[in-house]
Every structure is written in C-alpha cells, then in structure tokens.
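Single-letter residue listing:
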Amino acid sequence: MAVTSSMQVKSGITIHPIIAGALAGLAGGGVFGMLMAMMGMLPMIGMLVHQDNAVVGFGVHMLISAFIGAVYGLVASRAPNTLTTALVGGVLNGMVWWVLGALVLMPLLLGMSQMVLVIGTTQWMSLMGHVIYGMVTGVTFKRLSKR
C-alpha cells in the first residue's frame, strides 16, 4: 500500500500521518503518564533534563510520546487500517520503545550504565505501561486515519 501524504478524518479534515501519529502518541502518553504518576516515576523522567520534578517529567514524557507517536504514524500509515493492525502494531511499537527507551537510553542518559538491559520489577511494570501506551496510540491512530 502506498503512503498517502495525508488522511481524511470523519469531519472531512485532512490530517498528515505524522500529525495523526503525534496526536495518537499524546493520547497514549496521557494514559501511560497517569500510570507513571501513580508509580512515582515522573520525577525520574524529569531528570532527563536535570529537573527532579514530576510536572517537568510529565512534560518531557509527553514530548517523547508525541515523537514516538509521529514515528509510529509514519510507519503505520503503510499498513492496513484495521483494529488488529492497530493493536498488534501498537503493542510491538510499545515493546520496541520499552527496550530502546526504558532498558537502554534512559539508564545511559541518567548515568546508570550498569542498569542497561537489567530487568526487574520496575522494568516489568514499565513494559506494561509501554504496551498500554502502544495499544492506545495504535487504536487512536486508527481512529484518526480514516483512509
């Protein structure tokens, strides 16, 4: 299937797949952000910009969520627009970013290289959050990209 330069949503407004993906990523990021807030993880995300603060952490998390969603939108716009594709693609996207983000980049950026690819209780909870993020992002992208 060829990539279209834009998609038409229900109201007749045309939306580019990268924008639809970023918006879907914000939806997924909002849900995942609430879970992270309940687990007390947002201050650690804030430390990516040297701010041990939950509000800053939520903002950083949402920016990352929008970026990852935009990348997802670019890739997913080439796949069939079905619920199965949205769920499977979203779960795979969440799992990939769990490995890249939570298991590799986050520890490296926070100066905790000994934690790269270490999996414990916190990382398993993070996987669940990333999978939920992916599912919400995938389904939201499907809804936004009525093509």
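Cut-off values and rules
Residues numbered from 1 in each chain as written. Predicted model: local features only at pLDDT ≥ 70, side-chain atom pairs only at ≥ 80, totals over all residues. Heavy atoms only, no water. Helix = DSSP H or I, 4+ residues; strand = E, 2+ residues; numbered from the N terminus. Rg over C-alpha atoms; globule rule 2.2 N^0.38 Å. Buried < 20%, exposed > 50% of the residue type's maximum accessible area, 1.4 Å probe, protein only. Contact = heavy atoms within 4.5 Å. Polar contact = N/O pair within 3.5 Å; in protein donor to acceptor, adjacent residues only side chain to side chain. Core = buried A, V, L, I, M, F, W, Y, C linked by side-chain atoms within 4.5 Å. 1 Å grid on protein atoms, 1.4 Å probe; cavity = no way out; pocket = protein on both sides within 12 Å on 5 of 7 lines; lining within 4 Å. Points joined across faces, edges and corners; volume = space filled by probe spheres on them. Nonpolar A, V, L, I, M, F, W, Y, C, P; charged D, E, K, R; others polar. Patch = residues over 30% accessible without salt bridge, like charges linked within 9 Å, V, L, I, M, F, W, Y side chains within 5 Å. Areas by Shrake-Rupley, 256 points an atom, 1.4 Å probe, with all protein chains shown as cover. Salt bridge = Lys/Arg side-chain N within 4 Å of Asp/Glu carboxyl O. pLDDT = per-residue confidence, 0-100.

**Things to note about the overall build of the protein chain**
Step number 1: When its secondary structure is counted, the protein chain shows five helices and two strands.
Step number 2: Traced from its N-terminal end to its C-terminal end, the protein chain shows the element sequence β-β-α-α-α-α-α.
Step number 3: Rg of the C-alpha trace for the protein chain: 16 Å, near the compact-globule value of 15 Å for 147 residues, within the 12% margin.
Step number 4: Over its C-alpha atoms, taken along the principal directions, the protein chain stretches across nearly 45 × 25 × 25 Å.
Step number 5: In the protein chain, which comprises 147 residues, the share counted as buried stands at 37%.
Step number 6: Taking contacts inside the protein chain between residues at least 6 apart in sequence as the whole, the part at least 24 apart equals 67%.

**Examining the environment of Tyr133**
Step number 1: If you trace the backbone, Tyr133 turns up in helix α5 (residues 121–144).
Step number 2: Placed 38 residues apart in sequence, Tyr133 and Met95 show a C-alpha to C-alpha distance of 9.7 Å.
Step number 3: Discounting residues that sit within four places of it in the chain, Tyr133 has contacts with Gly25, Gly28, Gly29, Phe32, Ser65, Ile68, Gly69 and Asn93.
Step number 4: Of the polar contacts made by the side chain of Tyr133, one reaches the backbone nitrogen of Gly69; its length is 3.3 Å.

**Points about the nonpolar core**
Step number 1: In this structure, Phe32, Met36, Leu42, Ile45, Val60, Ile68, Trp97, Met106 and Tyr133 together form the largest nonpolar core, which totals nine residues.
Step number 2: Those residues in contact with Val60 that lie beyond four places of it in its chain are Ile45, Leu48 and Val49.
Step number 3: Core analysis: the second largest hydrophobic core is formed by six residues, Ala20, Ala24, Ala76 and Phe141 among them.

**So, the layout of surface pockets**
Where empty space is left becomes clear once a probe the size of a water molecule has been rolled over the atoms.
Step number 1: Its volume calculated, the largest pocket comes out at about 730 Å³.
Step number 2: Lining the largest pocket are 26 residues, with Ile45, Gly101, Ala102, Met106 and His130 positioned closest to its centre.
Step number 3: Every element with two or more residues in the lining of the largest pocket is listed here: α1 (17–38), α2 (42–46), α3 (54–76), α4 (83–109) and α5.
Step number 4: The biggest single contributor to the lining of the largest pocket is α4, with seven residues.
Step number 5: Of the residues contributing to the lining of the largest pocket, the split by class is 19 nonpolar, seven polar and no charged.

**Thoughts on a nonpolar patch on the surface**
Step number 1: There is a patch of nonpolar side chains on the surface, built from Ile18, Phe67, Val71, Leu74 and Val75 and spanning about 420 Å² of accessible area.
Step number 2: With four residues, the single largest contributor to the nonpolar patch is α3.
Step number 3: Among the secondary structure elements, Val71 is positioned in helix α3.

**With respect to the side chain of Ser145**
Step number 1: Relative to the helices and strands, Ser145 is located in the segment after α5.
Step number 2: A polar contact is formed between the side chain of Ser145 and the backbone oxygen of Phe141, at a distance of 2.7 Å.

**Focus on the confidence of the model for the protein chain**
Step number 1: Taken over all residues, the pLDDT of the protein chain has a mean of 91, while the share at 70 or more is 91%.
Step number 2: Low confidence marks residues 1–5, where pLDDT is under 50. Its contacts with residues over four positions away, or in another chain, come to nine contacts.

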